[in-house]
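Listed below are the residues making up each chain.
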Amino acid sequence: MTRRAAYEARQRRRANTIAGLSTLAVVALVVVLVPLAPGWEAVQRSFFDGETFVNTFPTLLRAFLLDVAIFAWSVPLIFALGLAIALARGAQSAALFPLRIFGAIYVDLFRGIPVVLLVYLVGFGVPGLGLPRPWNSPYIWGTVALVLTYSAYVAEVLRSGIESIHASQRNAAICLGLNSRDTMRYVILPQAIRRVVPANMNMLVALQKDVALLSFIGPVEILRQAGIYKSLLANFTPYVVAAVIFLCVTVPATRYADYLLNKDRNARS
Amino acid sequence: MKNVLTATILVALASAAWADGHCAAGKTLTDGTLTIATGNPAYYPWVIDDAPESGKGFEAAVAYALAAEMGFAADAVTWVRTSFDEAIQPGAKPFDINMQQYSITEERDKVVDFSAPYYTAPQAVLTTQAVIDGGATGTMDSLKGLKWGVVASATALPVVMEQIEPDQSPLVYDDNANVTAAIQAGQIDAALFDLPTALYLSAVVVDGGAILGQFDPAAAENPDQFGALMPEGSALKACVDAALTAMTENGTLAQIEAQWLQEATGVPLIK
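Residues numbered from 1 in each chain as written. Chains lettered and ligands numbered in written order. Predicted model: local features only at pLDDT ≥ 70, side-chain atom pairs only at ≥ 80, totals over all residues.

Topic: the nonpolar core
One broad trend across soluble globular proteins is that nonpolar side chains are buried collectively. Residue and element names in this part refer to chain B. Membership of the largest hydrophobic core comes to 131 residues, with the highest contact counts inside it found for V150 and A191. Taken domain by domain, this core gets at least three of its residues from each of domain 1 (30-120 + 223-262) and domain 2 (123-214). Setting aside residues no more than four positions away along its own chain, A191 makes contact with L126, W148, G149, V150, V179 and I183. (Core = buried A, V, L, I, M, F, W, Y, C linked by C-beta atoms within 7 Å. Buried ≥ 20, exposed ≤ 12 C-beta atoms within 10 Å, placed from the backbone. Domains from an automatic or database assignment. Contact = placed C-beta atoms within 7 Å.)

What about the confidence of the model for chain B?
All names here are of chain B. Of the residues in chain B, 90% reach a pLDDT of 70 or more, and the chain-wide mean stands at 84. Segment residues 9-20: pLDDT under 50, and 5 contacts once partners within four positions in sequence are set aside and those in other chains are kept. Two numbers describe this predicted complex: its pTM, 0.76, and its ipTM, 0.71. (pLDDT = per-residue confidence, 0-100.)

What to know about the sheet that holds strand 8 (residues 171-173) of chain B
Residues and elements named next belong to chain B. Spatially, 8-7-9-6-10 is the arrangement adopted by the 5 strands of the open sheet, whose pairing is mixed. The sheet is open, and its two edges are formed by strand 8 and strand 10 (209-214), each paired on a single side. When the angles between neighbouring strand axes are averaged without regard to direction, this sheet yields 30°. Sheet topology note: the strand 6 (residues 123-128)/strand 10 ladder contains 5 bridges and is antiparallel. Residue pairing across strands places L126 opposite I211, the latter belonging to strand 10. On the sheet, helix 7 (residues 156-164) packs against strand 6, strand 7 (148-151), strand 8 and strand 9 (190-194) and is oriented at approximately 150° with respect to strand 7. (Pairing = 2+ DSSP bridges. Helix = DSSP H or I, 4+ residues; strand = E, 2+ residues; numbered from the N terminus. Axes fitted to C-alpha atoms, helices over the stretch in contact; angles between N-to-C directions.)

Side note on the confidence of the model for chain A
Across chain A, the average pLDDT comes to 90, with 99% of residues at 70 or higher. Considering each helix and strand of chain A separately, the mean pLDDT is smallest for helix 2 (residues 40-47) of chain A, with a value of 85, and largest for helix 6 (residues 138-164) of chain A, with 94.

Notes on the domain arrangement of chain B
Accessible area lost when the parts come together is the quantity often used to give the size of an interface. Residue and element names in this part refer to chain B. In terms of domain boundaries, chain B breaks down into domain 1 (30-120 + 223-262) and domain 2 (123-214). Here the C-alpha centroids of domain 1 and domain 2 sit 27 Å apart. Classifying every residue of the side of domain 1 that touches domain 2 by side-chain character gives 5 nonpolar, 3 polar and 1 charged. (Nonpolar A, V, L, I, M, F, W, Y, C, P; charged D, E, K, R; others polar.)

Let's talk about the environment of T248(B)
Relative to the elements of secondary structure, T248(B) occurs in helix 10 (residues 237-249). In this structure, the C-alpha to C-alpha distance between T248(B) and E69(B), residues 179 residues apart in sequence, is 12 Å.

Some details on the pairing of strand 9 of chain B
All names here are of chain B. Most of strand 9 sits out of view: 5 of its 5 residues are buried. Across the two faces of strand 9 the burial is the same, with A190, L192 and D194 and A191 and F193 all buried. With 4 bridges connecting them, strand 6 and strand 9 associate as antiparallel partners. Counted as the bridge partner of L126 is A191 from strand 9. Pairing of strand 7 with strand 9 involves 2 bridges; the strand directions are parallel. If you follow W148 over to strand 9, its bridge partner there is A190.

Section: the interface of chain A and chain B
Taken residue by residue, the interface counts 23 residues in chain A and 24 residues in chain B. At the level of elements, helix 2, helix 5 (115-128) and helix 10 (222-233) of chain A are the ones that each hand at least two residues to the side of chain A that touches chain B. Broken down by element, the side of chain A that touches chain B gets its largest block of residues, 6 residues, from helix 10 of chain A. Classifying every residue of the side of chain A that touches chain B gives 12 nonpolar, 8 polar and 3 charged.

Written out as structure tokens, the structure reads:
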């Protein structure tokens, strides 16, 4: 080990020790001080009741499966529609101008409306037109609302990916004799999609949480089930249980998105 | 100094005189005022036109009668609005008593205090004429086959799950408005409400609304009883209970019920 390496190792150790100690101090302060607050016992009973936690956990976990299912069938639809909108907005030919306008309006509209509002509007409004069962199901129309909103976001992400591909790629493809369709399919899109994977991972994490909004129009998923327990038991602990279950899924997903982001950055630099 | 002394004596005399015969003295949020909370919005027929200050509607009328019984004049009653969640959160609460059709349950009683019940609510089935024309009847067998919807914060869900045991799992909503929207959209066949609310919704809110029947409150194991909600350990509870007991015994409650909830008779029982 050179003197320089030894010095750097020493510096690193020192930084780690200080970071560890300061973290420990903060944690200790929180652990010691919060329970000293006068209302702590009441808060603990309301939010962190062990018995309620254990009793409601299994049902809430089962209810979470519904969130996972809605998520699973929404994602392919969102990406298919998002890609279609992105391509529509990027259409080059003059004759396809209406398509570009449509894409722009679609994105503005559905990115601008709060998801909750769209869930209500589509979830109660469309079935209210008089559709017969099972076509008026809140599952169908709630999913439609999610897909409308999220495909608008995904379309913008994909479009930014497509536009980030250097013009030389397109020119090279033309020189090779590819037509514009094949250029998009074999040259631009494979690079563009790969480039925006981290951004789309963030979309998925957000979607995973917004799935719970479908509970407003009837389905008993985890948030609703927690709400039912809350009102039956007059205790907020079920919400904490739901938060823990959500975190178990979203934390690994965000970490994975970060990992992809870093990998992408390292690969490019 | 003398002025201060006089003032002190006057205040002491005044509060002593006021406290005389009123068990609520010094136990309310603001001395001399009773702060009562209701829902936002408050629904018919519990509060008419969302204006509890008018004293119109069953709960508004009970609130003023209760205040009078406890020694508060009508102008000494202040109204505030809270959601269900605000009423059960662990911190300080902005009301002395909260009346918005809170069903008294054992679990809730651990976190907050309830007064003696001021109303026993029969549960009734709200549906539409179209569903009745489709063959639904007021029998348990028929009810099992319906698609149910209920409000999450109400005690109706356990009743649906345990007594009716429907074939399809019920859908659950935030409030009455969403349940009626779902009935209107044909997403659910029937919903369970307390009878006065069901009568109002079927007559005014739901197009082609109808009441399929009511559950006999006398036959229910745990009849749905409404109580005024108070913070846990409220010093006011004994006072409110005494007043409500007096109002039950002297017929005031029954009289208010007859005035505001009279049309509740004549609904067939579910068999």
